[in-house]
Every structure is written in structure tokens, then in C-alpha cells.
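Letter by letter, the chains look like this.
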Amino acid sequence: MGNTDYVYPPTNNMDCAHRVAIPPPQPFVKSLKNNLKETFFPDDPIRQFKNQPLSKRFILGLQYFLPILEWAPRYTLDFLKADLISGITIASLAIPQGISYAKLANLPPILGLYSSFVPPLVYAMMGSSRDLAVGTVAVASLLIASMLGNEVNANENPNLYLHLAFTATFFAGVFQASLGLLRLGFIVDFLSHATIVGFMAGAATVVCLQQLKGILGLEHFTHSTDLVSVMRSVFTQTHQWRWESAVLGLCFLFFLLTTRYFSQRKPKLFWISAMAPLTSVVLGSLLVYFTHAERHGVQVIGDLKKGLNPLSFDDLVFTSPYLSTAIKTGIITGVIALAEGIAVGRSFSMFKNYHIDGNKEMIAIGTMNIIGSCTSCYLTTGPFSRSAVNFNAGCKTAVSNIVMAIAVMFTLLFLTPLFHYTPLVVLSSIIISAMLGLIDYQAAIHLWHVDKFDFIVCIGAYVGVVFGSVEMGLCVALGISILRLLLFVARPKTFILGNIPNSMIYRNVEQYTNAITVPGVLLLQIDAPIYFANSSYLRERILRWIDEEEEKLKSMVESSLQYVILNMAAVGNIDTSGISMLEELKKVTDRRELKLVLANPGSEVMKKLNKSKMIEKIGEEWIFLTAGEAVGACNYMLHSCKPNSSKDEQYNSKV
């Protein structure tokens, strides 16, 4: 603690002490309106419509929901050249990834191509990101396979499973768009950075383990995703391992990892890594075609239906007993897709210095999934790998998504028969290569060095996914994150403040060892709003600070404690439980012949203290605008009190 031998000069600052103003009362409706506006409309999107004619408001409204109308008039030929290159580049990645991720979700491979055609067109019109490349993602595909697979076997009842996948995508889109329209995007913020790092790494590990089925050429494999079940399924079928398939898979995996390594070492060669998956598909298909490897245990995709997306609105399932499963799957996968898409979009927007509207993104992603569910697509968002390729390729606008969709459309119309001989082991290699990039061990190490609790959240998510299930890992991570949030609220920090020499600044004496405290005056900082969840804790903690201060002063044979100042600069709000806590604290300090003083209470706190008559109980003259004025007044009283008169009487006479 600071130097308690120092004594402030007893300057009389009573006349210059500033009083804390009580905010003027506001009508209930206006107050409620202001609170709702601050909570749900911090960016004030209505501002642009003020003082505008009706025709202008209509145009601005269309531009809000369709940002393409805003930037399309400014589109140039140079932009088109850049978007053409990036669009074709990401199409070369989207086609093999789409087929691979559809297989991962236990869906027909053609759905991966369908999902890379319609949703990107919708997002290009409604999205606010210039760099997000829309498509299917491995984690969402795994979630769909895991959650729907618990209810319906994709092999035994493929039509029902397919219809449930469309229905889950529909509900995911409705949920996502609703969050955006109702401005509830902060719900996604409960997925902290640590949660996402651990969850993504765990999901990537599980996805890689699942690909052992394709690498080893196994026909029967467990539907469970946990490590123990997968390992048991692998090692109980050693007699069915196909060495041809394993050799082919490892060769292509080595090729993919090597190209990614070179692209990372030399970012200008990003196109090598981007083209590698499609190159693997072409080489693998040619190898199987000329060697007839499918006759020796190498499984192939088979026939893919030509043509564009068929309508699937009639395939949506809105009847029990599967409706609850579809809704639950849709909400969980929708949250994960939103978290990934918005995080990726914001990451790349920072590099190019433009703004991403989170609520617009939710509406755009939700709408493209609603429309996608009606056009034979399953869940899509903005995957990191594809968006990174789009960014490195030099995209300028969302037109790159349109170019990609046109390339996929051309593939659907004319090139699908060429994928007949594509070996499944190549798709497994593509998935493993992509997933290894999601295991960010460096981020976990960084979390350990910066915040141990965040590291626990990360590891909890990872262990839950790998040894339990994807849903369990998500629940564990969310549970630990919410527990931490509750601990922050229920156990706020309190600490002693001291004066930085030669200034009017007060800081934590543990952080600043040269900070000076006044014997007889205890200045405490409360570092959070005072609510029902922490009021009892704060009362006990403040009383303990008082006891410790009194014991210290007695042991040092100094003047006894006279004043307890609560610096409320960080107390943004207080509820009735908090006010009751202050009343109890006031009674305790009165019994101990101590004076309770408040410093720097905010407007919301002053409103409620005034309405509860707490200001009268404490005394308006003992509520100060700053901690410095409060300490100065208390210090003055310590050195000016007459032996036979009360401090309050003398202070009030000065005031």
C-alpha cells in the first residue's frame, strides 16, 4: 500500500467542492425509448431517414436491405477484372470443397454444388462484406450429420434425412434473419474468441478422425463423433483396411499440405494452394479412370445429376416427431454459422478499412439460407479458407461471389459427369487438409499467456467436442463462458485507491506502489454496477476492507479510521438490492461512528438514490463529484474538528 505517513495539508476546500447533480426527471415513455435505443440501436440506423422526402426514404430503405444498390452504380471495369480473377479462383476451391463437405454431412455430393450456386447470388445482393466468399463449411456439415444422424439413419432413410437437412437449414435461416431484424446480434457474442478457438479445433479434430473411413476405404463406420468410438471403429476393422486407398489418400494429402506450405511462405503464390483441391480431383479422377482402381477397393463418387437446383420447398418437414430435431439443429448450426461468417467478414474488413454491419450480415446470411432451403441447398455461411483465397486473389466487391456462382452453374449444366470417377479418398484428403488449418494451437498458447481462464474455456470446448460430441463441446464452452460472465457480475473487484504524487489522480495502490493514502480515510473503488447478484458480496467485502484498515491503523498506533469513501465511477447502474446494501452499510458505519461518503456517482445511480431517499440518509453534502474532492473534504475535517463537537455539525457549518 502507499505511504500512510504522508498527511495531506488541511486545506479548506469546502466552498469550492462541486455538488453532484441529480438528472432532471424524464417521462416514462421517453426514458424507455432512450433505453431501448441504446440497447438495440447503438448505431442509430434510423438517422439516415430523418428529414428526407418519402421517395428518398424508400431508396435508402432498399439500399439498407440490398447494399448492391448502393455500390453497383460506382462499379468500374477495373473492379470487374479483379472480381473475375478472384471469382474463378474461389470456384476452383468451392467445387471440390462443396462435394467434400456434402459427403461429410451424409448428403448427396451434388448438394455441395447446389449450395455454391444460389446462396452466393443472394449474398452478393444483400451482404455488406466485400471479401466473404459464401459456401458450405465443415463444422456445420459435421453438426448436421451428428444431430440429424441421431434421429434418422442417412443410409436407411436417405429421403427423410435429406428433407430434414433442408428443414434445419430453413429454421437456421429464419433464426439468423430474426436476430438481424430484431437487432439481437449480441447473442452471438456469447461465443467468445476462446470458445470459438477451442470449438473449431475440436471440430476439426473430429472431422479429420471421421475421414479415416475414406482414407482406409472402410464401408462400415461408427456414427459417433467422439475419439474413443472412432478409434474403436478403426482398429476393430483392421482386416478391412485397403492399402490402395490409404496410399492414394496419403499421397494427395501430402500434395495438398505441401502446396499450402508454399503458399504460406510466399503469399503471392496463394493460387497454388487454391488450385490444389481441384487439381487433386482431376488427377485422382484420371488415375482411377485409367487404372480402374474402383475395382480394387477405391470408392468413387459415382453419377452426379446434371442440371440446376430443383425446388425443394415441398420437401420441408413441418410435422412431428422430427420437427423439434430440425428446429434444434437449425438453431445450433445457425449460431455457429453466424459466428464464423461475421467473424471472418469483420477480420478481412479490418484489413481494407471498411465497416461490417453485423445485423445486416445476419439478415443476409439468414435470407440466403431460407432461399437455399427451398432450392435444394443446405446450410451455408462465409468459411475462412474460401474467404482468405478470395481476399488474397484481390477481390474488390461481392461480384466475386456472382462469378463463382456462374462457374458452379456451368459445372452443374455441363461438367458433372466428369466427377463420376472422383475417388472419395481424395475428398477425404481435401477435408483433412482444410481442417488442419483450423487447429490453431498458437492461439491456444497465446490464451494461456494472456488469460488462464480463457485457456480453460478453450480447452473445455476442445475436450468436450473430441471426447464427447460436438453439441457437448459447445455446451461445455458456453457453460464455462457464462459462468465466467456471472463471476464478473457476482464477484466484482474492489480495491483501495491512493493519490499519485503531485496530481489529483487516484489509482489502485497495488498497481501504483507510490500512491499516497490518508490515515483515517479509506477510499474504495467498486469496479462494477451494483445488482442483486453482487450486493451481498460487496457489503461483506467492503466491511472486510474496513476491518482490515482499522486493524492496520491500530497496529501502527495511528489515528483511527473516520471516513469510508466509495468511489462509484465504475458503477454504471444500481438496483433496489444495491440500494438496500448501501442502507445496511450506512447503518453499520453509523454504529461504528464512521462517516460513509460517496464520490463520482453516475446519472442512473443518482436518479435511483434520489427516488429511494438515499441521498437524504447519506446527506447531499457527503456526495462529491470527484474522489479528490471527497478526500480533500475528509482530510480537512480530520484536522479541523474541535474536541467537543461532532464532525457533521462542523462540516455542515462550513458548507
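Residues numbered from 1 in each chain as written. Predicted model: local features only at pLDDT ≥ 70, side-chain atom pairs only at ≥ 80, totals over all residues. Heavy atoms only, no water.

Things to note about the environment of G330
Phase 1 of the analysis: As for its position among the elements, G330 is in helix 14 (residues 323-352).
Phase 2 of the analysis: Aside from chain neighbours lying at most four places away, what touches G330 is A168 and A172. (Helix = DSSP H or I, 4+ residues; strand = E, 2+ residues; numbered from the N terminus. Contact = heavy atoms within 4.5 Å.)

A word on the pattern of salt bridges
Phase 1 of the analysis: Summed over the entire model, instances satisfying the criterion amount to twelve salt bridges.
Phase 2 of the analysis: As a salt-bridge pair, E584 and R539 come within 3.1 Å of each other at their nearest N and O atoms. Of this pair, E584 sits in helix 23 (residues 576-591) while R539 sits in helix 22 (residues 535-555), and the two are 45 residues apart along the sequence.
Phase 3 of the analysis: Two residues, D590 and K586, come together in a salt bridge whose shortest N-O distance is 2.8 Å. You can see D590 and its partner K586 sitting in helix 23, four residues apart, about one turn around the helix.
Phase 4 of the analysis: Each of D451, D454 and R484 takes part in a single network of salt bridges with overlapping partners. (Salt bridge = Lys/Arg side-chain N within 4 Å of Asp/Glu carboxyl O.)

What about the confidence of the model for the protein chain?
Phase 1 of the analysis: Across the protein chain, pLDDT averages 85, with 91% of residues at or above 70.
Phase 2 of the analysis: Of all helices and strands in the protein chain, the one with the weakest mean pLDDT is helix 27 (residues 647-654) (48), whereas strand 4 (residues 563-567) scores best (95).
Phase 3 of the analysis: For residues 642-647, every residue scores under 50 in pLDDT, and the model assigns this stretch six contacts once sequence neighbours within four places are set aside. (pLDDT = per-residue confidence, 0-100.)

Re a nonpolar patch on the surface
Phase 1 of the analysis: There is a patch of nonpolar side chains on the surface, built from L485, F488, V489, Y531 and F532 and spanning about 500 Å² of accessible area.
Phase 2 of the analysis: Relative to the helices and strands, F532 is located in the loop between strand 3 (521-526) and helix 22.
Phase 3 of the analysis: The exposed category is assigned to F532, whose relative accessible area is 64%. (Patch = residues over 30% accessible without salt bridge, like charges linked within 9 Å, V, L, I, M, F, W, Y side chains within 5 Å. Areas by Shrake-Rupley, 256 points an atom, 1.4 Å probe, with all protein chains shown as cover. Buried < 20%, exposed > 50% of the residue type's maximum accessible area, 1.4 Å probe, protein only.)

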